[in-house]
Each structure stands twice: as structure tokens, then as C-alpha cells.
Amino acid sequence: MSRAVISAAADHLAATVRAARAPLFDRSAAVPVALLGGLTTLGALLTDRLACGIAPSRFVPAQGSALDGAATLLEREDLPHEAYVVRRGA
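On a predicted model such as this, the values are computed, not experimentally measured, just so you know.

J.: Please provide a residue-by-residue account of the overall build of the protein, values included.
T.: Looking only at helices and strands, the protein has three helices and two strands in total. Along the chain direction, N to C, the helices and strands of the protein fall in the order α-β-α-β-α. Taken along the three principal axes of its C-alpha coordinates, the protein extends 45 × 30 × 20 Å. When contacts within the protein are restricted to residue pairs at least 6 apart in sequence, long-range pairs at least 24 apart make up 71% of them. In the protein, which carries 9 positive and 8 negative side-chain charges, the distance between the mean positions of the two groups comes to 9 Å.

J.: Residue-level account of helix α2 (residues 44–54), with values.
T.: Among the residues of α2, L46, L50, G53 and I54 are the ones counted as buried. Looking down the long axis of α2, one finds its buried residues gathered within 85° of arc, a one-sided arrangement. Buried residues along α2 sit against α1 (3–21), β1 (32–33) and β2 (58–59).

J.: Provide a residue-level description of the pattern of salt bridges, including the pertinent values.
T.: For the structure shown, the criterion picks out three salt bridges. A salt bridge links R49 to D11, with the shortest nitrogen-to-oxygen separation between them at 2.7 Å. Of this pair, R49 sits in helix α2 while D11 sits in helix α1, and the two are 38 residues apart along the sequence. The residue D78 makes a salt bridge to R76 at a minimum N-O spacing of 2.9 Å. Overall, the relative accessible area of 55% leaves D78 in the exposed class. The partly exposed category is assigned to R76, whose relative accessible area is 37%.

Calculation notes
- Residues numbered from 1 in each chain as written.
- Predicted model: local features only at pLDDT ≥ 70, side-chain atom pairs only at ≥ 80, totals over all residues.
- Heavy atoms only, no water.
- Helix = DSSP H or I, 4+ residues; strand = E, 2+ residues; numbered from the N terminus.
- Contact = heavy atoms within 4.5 Å.
- Lys, Arg positive; Asp, Glu negative; His and termini not counted.
- Charge placed at Lys NZ, Arg CZ, Asp CG, Glu CD.
- Buried < 20%, exposed > 50% of the residue type's maximum accessible area, 1.4 Å probe, protein only.
- Arc of directions from axis to C-beta.
- Salt bridge = Lys/Arg side-chain N within 4 Å of Asp/Glu carboxyl O.

Below you can see the structure in the form of C-alpha cells.
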């Protein structure tokens, strides 16, 4: 995969993290960020650039899968991003 493509992907991911963090936390908050899935196999070219783009946030080990995160959203309504969750059905 091209270095330019990976660098652009890191920049877009960093922008996504910043946009998700903005309504929930102060800009100076070192919010923990977990990286999941195939992205983790791209190595330092992606993760180093992404880490710079999300500072002062920092990477932490994932505490489960994306499916575990979805289940947590389903089960809990006391998380900081609840205002952004859309619940449908009974």
C-alpha cells in the first residue's frame, strides 16, 4: 500500500477522532483512543502519524471488539456520548 494513501488515511482518521471528541471533551483532554481491526496491521506509518494528529489524546489497548462497544451502548445510558445515541424500538 502506498505511503501517501496510508498517510492520508491517518489524517482522515485523526480528523474523525477530533470531531468525535470535540462535543464531549475539552480540546486539552488526553482522551483514550483504541485502534481496532485491520488498521492495527499497518504499523508505525499509520499509528505514528495518527498519534500526532489526535494529540493530546493517546492510544490505549482495546478492551473488547467493536461489537462489545455496540453492546455497551445498548446496555448503558449513562455514558458521556448518550446524547448522540439514537435508540429505536422497544
